[in-house]
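# Summary of structural features
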Amino acid sequence: MSINAEEIQAPQLKDLSIVRNEQKELNILPVHHLDRAFKTATFGMGCFWGAESLYGGTRGVLRTTVGYAGGTKDQPTYRNLGDHTEVLEIDYDPTVISYQQLLHIFWNNHEYGLTTAIKRQYMSIILYHDDEQKQIAELSKAKEGKRRAPEVITTEIAPKRNFYPAEDYHQKYRLQGHRDLSETLNLNSKLLKTSYVATKLNGYLVGVGGVEQFKTEVDTMGLTPSQKEYCYHYIEKNEGQGLYC
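For every chain, the first residue of the written sequence is number 1, and numbering continues from 1 along that sequence. Only residues with pLDDT of at least 70 are given local features in this predicted model, and only at 80 or more are side-chain atom pairs given and counted; all residues enter the totals for whole chains, interfaces and linings. Hydrogens and water are ignored here; the side-chain numbers use all heavy atoms of the structure.

### Thoughts on the overall build of the protein chain
Numbered from the N terminus, helices here are DSSP runs of H or I no shorter than four residues, and strands are runs of E no shorter than two. For the protein chain, the helix and strand inventory stands at 11 helices and six strands. The C-alpha extent of the protein chain, read off along each of the three principal axes, is 55 × 40 × 35 Å. Partly exposed residues are those whose accessible area sits between 20% and 50% of the maximum for their type, while under 20% is buried and over 50% is exposed, using a 1.4 Å probe and protein chains only. Residues classed as buried in the protein chain amount to 52% of the 245 residues present. Whether two residues are in contact is decided by their heavy atoms, any of which lying within 4.5 Å being enough. Of the contacts made within the protein chain by residues no fewer than 6 positions apart, 76% connect residues no fewer than 24 positions apart. Working convention for charge: Lys and Arg count positive, Asp and Glu count negative, and His plus the chain ends are omitted. For the purpose of locating charges, the reference atoms are NZ of Lys, CZ of Arg, CG of Asp and CD of Glu. Taking the 28 positively charged and 31 negatively charged side chains of the protein chain as two groups, their mean positions are separated by 4 Å.

Next comes the structure, spelled out in structure tokens:
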């Protein structure tokens, strides 16, 4: 069996006792919550795995949760979605990133469905939380429509009336692919939806933001030296690659 040389060089976290000892000796624990004022945005832009990574690796984003919204069915699930859409809820620090900036990312990062009608599960949708968001979204859509003419934007703008978090296996999907790292972060069902460090690493590990930006935020995450080494390897490896579902 052939062995990939890059896999040999990649840092390993299989001996979890190393990280546990570092956490104890250095008094470092994963930062799951930041006591910081925030606002919330809700977007649907195709498959929510890629969108969650994209916003997670964006400066000013504090928490992300994927789920289902926009429809009328009670308690939808991935296998029984009804008339809901896959969406992403984003808690963000408005002193670092604005709603307009979040929308700029939204308009420029659809995998599909922005100017082509698509089934409701993956449709482009903005669910506003207040009148200010509604006004900003409508003006932004009009501006984007002029820029993209003669293509016609299909994005629906509607009030956010409900939100049902998706199943655990959908939350922080890319981070969960790093099983050993995820275990060292002490993630549980609740933290998969709410954790700050999980949100950030779910983006950074696939290359969003890049190494230099990661350096400016890494000390806010509560990572040990071994965890940092592991993350740096994969961020550098994946920087510049496109997102996918």
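### Considerations on the pattern of salt bridges
By definition, a salt bridge exists where a carboxyl oxygen of Asp or Glu is found within 4 Å of a side-chain nitrogen of Lys or Arg. One pass over the full model with this rule turns up 12 salt bridges. The salt bridge involving Lys193 is made with Asp168; its shortest N-O contact spans 3.0 Å. In this pair, Lys193 sits in helix 8 (residues 189-194) while Asp168 sits in the loop between strand 6 (164-165) and helix 6 (173-176), placing the two residues 25 residues apart along the sequence. On the basis of relative accessible area, Lys193 is assigned to the buried category, the value being 19%. Residue Glu212 pairs with Lys215 through a salt bridge whose shortest N-O separation is 3.2 Å. Taken together, the residues Glu212 and Lys215, both in helix 10 (residues 210-217) and three residues apart, mark about one turn of the helix.

### So, the sheet that holds strand 4 (residues 124-128)
Taking strand neighbours across the sheet as the criterion, the six strands line up as 5-4-1-3-2-6 in an open arrangement whose pairing is mixed. Of all strands in the sheet, those bounded by a partner on one side alone are strand 5 (156-159) and strand 6. In this structure, strand 2 (residues 61-69) lies alongside strand 6, joined through two bridges in antiparallel fashion. Of the residues in strand 6, the one forming a bridge with Tyr68 is Tyr164. Orientation is described by axes fitted as lines to C-alpha atoms, over the contacting stretch for helices, and by angles from 0 to 180 degrees between their N-to-C directions. Seen against the sheet, helix 5 (residues 131-148) touches strand 1 (39-45), strand 3 (85-92), strand 4 and strand 5 and runs at an angle of roughly 150° to strand 4. Any two strands with at least two DSSP-identified bridges between them are counted as paired.

### Describing the UniProt feature "domain: Peptide methionine sulphoxide reductase MsrA" (unreviewed entry) in the protein chain
UniProt positions are given in the numbering used here, feature names are shortened, and annotations may be inferred rather than shown by experiment. In this numbering, the UniProt entry assigns the feature "domain: Peptide methionine sulphoxide reductase MsrA" (unreviewed entry) to residues 40-176. End-to-end, the C-alpha atoms of residues 40-176 are 24 Å apart, and along that stretch the chain is 29% helix and 25% strand.

### A word on the pairing of strand 4
Most of strand 4 is tucked away: five of the five residues are buried. Judged by which residues are buried, strand 4 turns out to be covered on both faces: Ser124, Ile126 and Tyr128 on one side and Ile125 and Leu127 on the other are all buried. For strand 4 and strand 5, the ladder comprises four bridges, and the chain directions are parallel. Of the residues in strand 5, the one forming a bridge with Leu127 is Ala158. Handedness of the strand 4-helix 5-strand 5 crossover: right-handed. For crossovers, right-handed means that the path from the first strand over the helix to the second runs clockwise, given strands pointing away from the viewer.

### Some thoughts on the environment of Gly70
Checked against the element boundaries, Gly70 lands in the loop between strand 2 and strand 3. In sequence terms Gly70 and His84 are 14 residues apart; their C-alpha atoms lie 5.2 Å from each other. If sequence neighbours within four positions are ignored, Gly70 has contacts with Asp83, His84, Arg120, Leu127 and Asn162.

### Quick word on the domain arrangement of the protein chain
A domain assignment, automatic or from a database, supplies the domain bounds used here. According to the domain assignment, the protein chain consists of domain 1 (16-33 + 167-238) and domain 2 (39-165). Its C-alpha centre places domain 1 at a distance of 25 Å from the equivalent point of domain 2. On the side of domain 2, 20 residues touch domain 1, which itself brings 22 residues to the contact. Carbon and sulfur atoms supply 48% of the area that domain 1 and domain 2 bury against each other, a total of about 1,800 Å² over both sides. If you sort the residues of domain 1 by the area they bury against domain 2, Glu167, His170 and Thr199 come out on top, with a joint share of 28%. Put simply, buried area is how much 1.4 Å-probe accessible surface two parts lose in total, over both of them, once they are put together.

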